[in-house]
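Here are the chains, one letter per residue:
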Amino acid sequence: MSSTEQGTSSAAPAEPTTAPESAAAPEVPESFYYVHGKDKVVHKVSAGALQHSALIHGMISNLGYTEEQAKANPFPFENIDGDILQMVVDWCNQHKGKPTPPEDTNLPKQKEKLFDLVLAVNYLEIKELLTYCCKQVAMMVKGKSPEEIREIWMIPTDAEDEAAEKEAKKRAGKEAAGETAAAAGDAK
Amino acid sequence: MAGWSDLSVDLKKNVVEKLDLMGRQSLRCTSHADRSIVDDTDFHISRVRLSISKSGYLIVVHTRIDDWLRVEILNRPNGGAIINKSQNSWNPEDVVTKELEEGTPEFWTILLLHNFFDYGTTKIDAVEFEIEGGTDAPKGVIFFFAFSDFQTLETEHLKSRNLKNASKHNKSVKAQKVRQDTKKAPRHEKCKEVETLEKTITEIQEFIKKCRKFRKKTFIFRAKTLVGNWNMTVQMDLVWAQLMDFDTFKSVERLSVSIHSDSLKPFVCCDTVLPKIDVVGWKISHVTSTLHHTYKNPWKEGFYYLGVVSDGFSKLRFSKFDEKAQEMWDAAEGGMRQISPTIIEKREYGRCMGKPITVIHHRSDCGYWAFVVPYDKEKDFKLYYDSFMKENRENGTCGLSWLCKTCTNDFDYNYYQNLAHRGFLEPNWNGVLVKCTCSSTCATCDSVKLAKIEYSKKLGNLKIQKNENQKSWGFGKNSEGPEEVKIPKNVIFWRKIGANSESEKSADLQKLVNSLKNIGI
């Protein structure tokens with residue numbers, strides 16, 4: 001399990017409460033890195049666990065941080081919610097150095113979180129987890145009719161899409177007209 | 001909070017790749033954007049079956065061993081169509097029925113075919129066509145099966161191993177008899193046969209014409225193999241081939257399944273192979289396969305006979321290296337030689353029906369198969385043989401094709417092993433089964449007939465769902481491992497008709513009988 005702690009800023013992360021421990025202590029001390037999401041909570045993750053993410057792995061190999069530097073500069077993922085990042089970190093720790101199983105039953109079932117997770121995992125380039133997540137998304141609509149799929153995935157119909165587009169155009173037109181009127185007023 | 005619309009096109013495609021056929025169809029209907037995403041995502045279908053009969057149409061789509069969709073589109077008495085749909089179940093009680101007042105069964109079939117398969121991204125392994133009519137093959141079968149003394153002829157000729165000496169056996173009395181009997185067929189019957197054949201071809205042509213012109217779109221299956229059944233001719237294959245994409249189309253296979261109470265799994269398969277036939281300028285391999293579920297049929301005689309009379313050569317494949325296979329392998333007299341790390345070969349020369357032939361026996365860890373090659377077809381055979389040996393050296397594949405569990409894909413192995421079940425599971429659509437040539441008291445036929453009655457009864461009891469109660473489409477049931485075929489209760493007749501002694505029954509049949517005893521039948 002990864003450890004987490006509320007941090008105040010990305011520049012000065014607080015000390016994590018516990019460190020992840022592997023069952024057998026490795027001969028060479030394992031290096032750790034720090035990541036935080038939108039909520040600024042810092043997660044301490046081992047380099048082994050982070051290897052799942054092609055994005056972070058690439059960053060690590062390019063930066064060549066020391067333990068202190070890594071602690072002082074956690075990787076910021078401002079576009080990922082804290083709880084979603086926690087899920088990703090947990091998954092990476094769980095599957096550290098292990099072959100990935102064909103199914104993962106621990107993925108969230110709520111559609112809102114699942115879509116956020118898909119986006120996060122895609123951003124972090126975790127291929128195996130992305131496959132599981134997409135499978136889970138596909139399972140949500142297994143055996144469902146088009147109407148049911150529309151409801152579950154909140155897909156707008158073509159008519160709704162068109163109406164929304166018209167509305168947006170109308171609004172943009174009004175705004176543009178307002179802006180020209182204001183500009184003309186200013187000029188006077 | 002993110003939703004489906006927040007995903008990028010690539011991510012959406014990643015999800016669509018994991019959807020099943022009906023999931024894709026449903027998603028296509030949600031919006032134009034999603035439709036184009038679905039149409040751009042690759043989809044693999046193992047097998048599609050299209051059956052046409054007087055009562056209507058049947059489309060079966062197998063995506064995996066345990067995932068299939070079955071749609072029956074039948075004639076409605078007062079116009080319109082009745083659609084019976086089931087998923088992953090052969091039980092008529094699981095069928096969802098819907099009545100459509102408008103459109104003909106043909107229209108709905110073509111519409112479904114377009115919606116299911118008409119995209120460049122949908123790749124199919126095999127498309128199977130079945131149509132009522134065609135050639136009157138049972139007569140041919142009767143004619144062939146009538147020569148039970150054919151074996152004498154074969155052994156007699158194979159005694160002469162040397163081709164030079166074999167000319168003495170040129171004139172075989174029995175071979176002459178075979179030729180005479182073919183000529184004896186009454187003239188009016190021949191005319192009737194030709195009429196039926198022409199009528200069937202016209203029907204196929206019209207159907208294809210409508211398919212291709214439906215909504216002014218050209219429809220094609222992107223499939224590797226076209227599969228027909230025993231009542232088809234090469235001419236019909238050529239007509240069906242108009243629906244195939246020639247970039248993917250590689251072979252034609254014609255299937256006949258000869259069922260018997262001895263076993264529900266095939267014992268031996270007899271093929272006629274035409275390595276390359278010309279289909280509208282394309283060279284396509286053509287194989288006609290007959291699956292025997294008993295050793296009581298003259299399979300061995302058929303093997304030699306077909307090798308001599310066909311335009312190519314014949315091949316015999318044993319599904320297991322059992323006593324019969326061992327017997328045949330031991331009887332082959334040619335010297336053994338190792339032709340590849342996995343295959344041992346024996347070659348013997350002889351004559352059959354006056355024609356010089358070479359019999360090639362192959363044995364590997366997978367099993368045993370053999371070829372009969374007429375002398376004048378040796379050039380064609382060599383091309384086939386060289387490409388087979390090349391594949392063997394590269395991939396280690398044997399010559400048993402879909403009869404080998406190791407060298408073929410799981411779907412094909414499972415599909416062909418369970419073909420005989422169709423007689424009981426889909427009694428209204430079992431065109432692939434060769435009509436039995438038995439006497440009127442044949443229990444195998446009785447069993448199939450009773451299965452048909454039972455099936456129709458169950459279908460008749462179904463309540464037609466109104467639109468508002470319609471179950472959603474899609475593979476709703478979760479897959480639970482490989483296909484386990486459930487045999488309907490009518491199969492209790494297998495017990496009555498079963499082999500004379502317990503030892504004669506196959507392990508499969510024995511298991512079935514035991515399970516039926518356990519549930520008190």
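For chain B, the name recorded in an unreviewed UniProt entry is F-box domain-containing protein, with Caenorhabditis nigoni as its organism.

Going by an unreviewed UniProt entry, chain A carries the name Skp1-related protein and comes from Caenorhabditis nigoni. Of the comments in the UniProt record for chain A, the one headed Pathway (unreviewed entry) reads "Protein modification; protein ubiquitination."

Some thoughts on the overall build of chain A
Within chain A, the secondary structure is distributed over eight helices and four strands. Secondary structure elements of chain A occur, N-terminal to C-terminal, as β-β-β-α-α-α-β-α-α-α-α-α. Among the 188 residues that make up chain A, the fraction classed as buried is 37%. Excluding contacts between residues fewer than 6 apart, the proportion of contacts in chain A whose partners are at least 24 apart in sequence is 65%. As displayed, chain A has an accessible area near 10,800 Å², and 54% of this comes from carbon and sulfur atoms.

Overview of helix α1 (residues 9–16) of chain B
Among the residues of α1 of chain B, Leu11, Lys12, Asn14, Val15 and Val16 of chain B are the ones counted as buried. In the core, the buried residues of α1 of chain B are packed alongside α5 (111–124), α6 (127–140) and α7 (146–153) of chain A together with α2 (21–28) and α3 (32–39) of chain B.

Focus on the side chain of Asp39 of chain B
In this structure, Asp39 of chain B sits in helix α3. With near-sequence residues (within four places) excluded, Asp39 of chain B lies in contact with Arg28, Tyr119 and Thr121 of chain B.

Structural notes on the domain arrangement of chain B
Residues and elements named next belong to chain B. For chain B, the assigned domains read domain 1 (7–41), domain 2 (44–144 + 196–249) and domain 3 (259–271 + 301–462). Of the residues lining the interface, nine residues belong to domain 1; the matching set on domain 2 comes to nine residues. For the pair domain 1 and domain 2, the summed buried area comes to about 700 Å², and 64% of that belongs to carbon and sulfur atoms. Of all residues in domain 1, Leu21, Met22 and Gln25 give up the largest surface area on contact with domain 2, accounting jointly for 56% of the area buried on that side. On the surface where domain 1 and domain 2 come into contact, there are zero salt bridges. For the side of domain 1 that touches domain 2, the secondary structure elements donating two or more residues are α2 and α3. Ranked by the residues each element gives to the side of domain 1 that touches domain 2, the list is headed by α2, at five residues. Classifying every residue of the side of domain 1 that touches domain 2 gives three nonpolar, two polar and four charged.

A few points about the packing of aromatic side chains
Residue and element names in this part refer to chain B. By the definition in use, this model includes 32 aromatic pairs over all chains. A ring pair is formed by Phe303 and Tyr304, whose centres lie 5.2 Å apart and whose planes are at 55°; its orientation type is tilted. Comparing Phe303 with Tyr304, the two get one shared label, buried. With centroids separated by 5.6 Å and ring planes inclined at 40°, the aromatic side chains of Phe381 and Tyr385 adopt a geometry described as tilted. With a gap of four residues between them, Phe381 and Tyr385 both fall in helix α13 (residues 378–395), about one helical turn apart. Comparing Phe381 with Tyr385 shows no difference in burial state: the two are buried. Through a chain of ring-to-ring contacts, three or more aromatic side chains come together here, namely Phe267, Tyr295, Trp299, Phe318, Phe321, Trp329 and Tyr368. Sitting over the face of the ring of Trp329, Lys346 holds its NZ or CZ atom 4.4 Å from the ring centroid. Note that Arg363 overlies the ring of Phe321, its terminal NZ or CZ placed 3.5 Å from the centroid.

Observations concerning the UniProt feature "domain: F-box" (unreviewed entry) in chain B
According to UniProt, the feature "domain: F-box" (unreviewed entry) maps to residues 4–45 of chain B in the numbering used here. For residues 4–45 of chain B, the end-to-end C-alpha separation is 26 Å, with 57% helix and 7% strand making up the annotated structure.

Rules used in this analysis
- Residues numbered from 1 in each chain as written.
- Chains lettered and ligands numbered in written order.
- Predicted model: local features only at pLDDT ≥ 70, side-chain atom pairs only at ≥ 80, totals over all residues.
- Heavy atoms only, no water.
- UniProt positions renumbered as here; feature names shortened; annotations may be inferred.
- Helix = DSSP H or I, 4+ residues; strand = E, 2+ residues; numbered from the N terminus.
- Buried < 20%, exposed > 50% of the residue type's maximum accessible area, 1.4 Å probe, protein only.
- Contact = heavy atoms within 4.5 Å.
- Areas by Shrake-Rupley, 256 points an atom, 1.4 Å probe, with all protein chains shown as cover.
- Domains from an automatic or database assignment.
- Buried area = accessible area lost by both parts, 1.4 Å probe.
- Salt bridge = Lys/Arg side-chain N within 4 Å of Asp/Glu carboxyl O.
- Nonpolar A, V, L, I, M, F, W, Y, C, P; charged D, E, K, R; others polar.
- Phe/Tyr/Trp six-rings, centres within 6.5 Å; stacked < 30°, edge-to-face > 60°.
- Lys NZ or Arg CZ within 6 Å of the ring centre and 35° of its normal.

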